[in-house]
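Chains, contacts and geometry: an overview
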Amino acid sequence: MIHVVLVEPEIPQNTGNIARTCAALGARLHLVEPLGFIIDDKHVKRAGLDYWHLVEVETHPSFEDVKAKYPGFQYYYSTTKAPHRYDEVKYPEDVFIVFGKETKGLGEGLLKENLEDCIRIPMREEARSLNLSNAVAIVVYEAMRQQDFKGLLQEASYFG
């Protein structure tokens, strides 16, 4: 299973969109406190539309709590400062992909401790970053592609 970890997310609409992506892929969503909103905020729910029943959401008091609850798994950390592109790593079937808050990203200490497991999405130098929900979708879909979209609809049904 792919686990998406949002560390201190601030914008409810982003989290709602990410929940929708997780629901579509069967990924688990982990939210690390403090959150910049209340989970049942109308903006979070509206962005996720009617997909909330399809996504498993866990809330954690800290990122250390996530690591303690799920030891021994591979963690990748998304940042604009990473040495590796997101498509250069091999994602195992059970993987945690960690994203930071919209305004600051992940903490420098965490990134330095895990430098070899940091990944980035290529973009122009003048661009500061991508929207968090877009970044999550890009990276998580690459992980699923590498797993041949296991467990997802493989063939479309056509009209007529």
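What comes next concerns the included structure. Residue indices follow the written sequence of each chain, beginning from 1 at its first position. Only residues with pLDDT of 70 or above have their local features reported here, since the model is predicted, and side-chain atom pairs are shown and tallied only from 80 upward, although totals for entire chains, interfaces and linings are computed over all residues. Heavy atoms from the whole structure form the basis of all side-chain values; hydrogens and water molecules are not counted.

1. Structural notes on the overall build of the protein chain
For clarity, the cut-off: Secondary structure is summarised from DSSP: a helix means a run of H or I of at least four residues, a strand means a run of E of at least two, and numbering begins at the N terminus for each. Categorising residues by exposure relies on relative accessible area from a 1.4 Å probe, with only protein chains included: less than 20% of the type maximum marks a residue as buried, more than 50% marks it as exposed, and the intermediate range marks it as partly exposed. Note on definitions: a residue-residue contact is assigned when non-hydrogen atoms from the two residues lie within 4.5 Å. Computed with a 1.4 Å probe, the accessible areas rest on the Shrake-Rupley method; for each residue, only the protein chains presented here act as cover.
Secondary structure summary: the protein chain contains five helices and seven strands in total. Counting across all 160 residues of the protein chain, residues that qualify as buried make up 42%. Taking as baseline every contact in the protein chain between residues at least 6 positions apart, the subset at least 24 positions apart corresponds to 74%. Summed over its atoms, the accessible surface of the protein chain is roughly 9200 Å², and 51% of this surface lies on carbon and sulfur atoms.

2. A few points about the side chain of Q146
Definition in use: We call two N or O atoms a polar contact when they sit within 3.5 Å, provided that within protein one can donate a hydrogen and the other can accept it, with sequence-adjacent residues counted only if both atoms are side-chain atoms.
Looking at where Q146 falls in the secondary structure, it is placed in helix α5 (residues 132-146). A polar side-chain atom of Q146 sits 2.9 Å from the main-chain carbonyl oxygen of V89. In contact with Q146, not counting residues within four places along its chain, are D87, V89, K90 and Y91.

3. Things to note about the sheet that holds strand β5 (residues 84-85)
Counted only if it meets this: Paired strands, in this sense, are two strands between which DSSP finds at least two bridges. Lines fitted to C-alpha atoms define the axes here, with helix axes fitted over just the stretch in contact, and angles between the N-to-C directions of these axes take values from 0 to 180 degrees.
Pairing is parallel in the open sheet, where seven strands are placed in the order β3-β2-β1-β6-β4-β7-β5. Edge strands, defined here as strands with exactly one partner in the open sheet, are β3 (57-60) and β5. The sheet contact formed by strand β1 (residues 2-7) and strand β6 (residues 95-99) spans five bridges and is parallel. The residue bridging V5 from the neighbouring strand is V98, located in β6. The strands touched by helix α1 (residues 12-25) within the sheet are β1 and β2 (28-32), with β2 carrying the most contacts at an inclination of about 155°.

4. Regarding the pairing of β6
Burial runs high along β6: five of the five residues are buried. By the alternation rule, side chains of β6 split into V95, I97 and F99 and F96 and V98, which are all buried. Pairing between strand β4 (residues 74-78) and β6: four bridges, direction parallel. Across the sheet, the residue bridging to Q74 is V95, located in β6.

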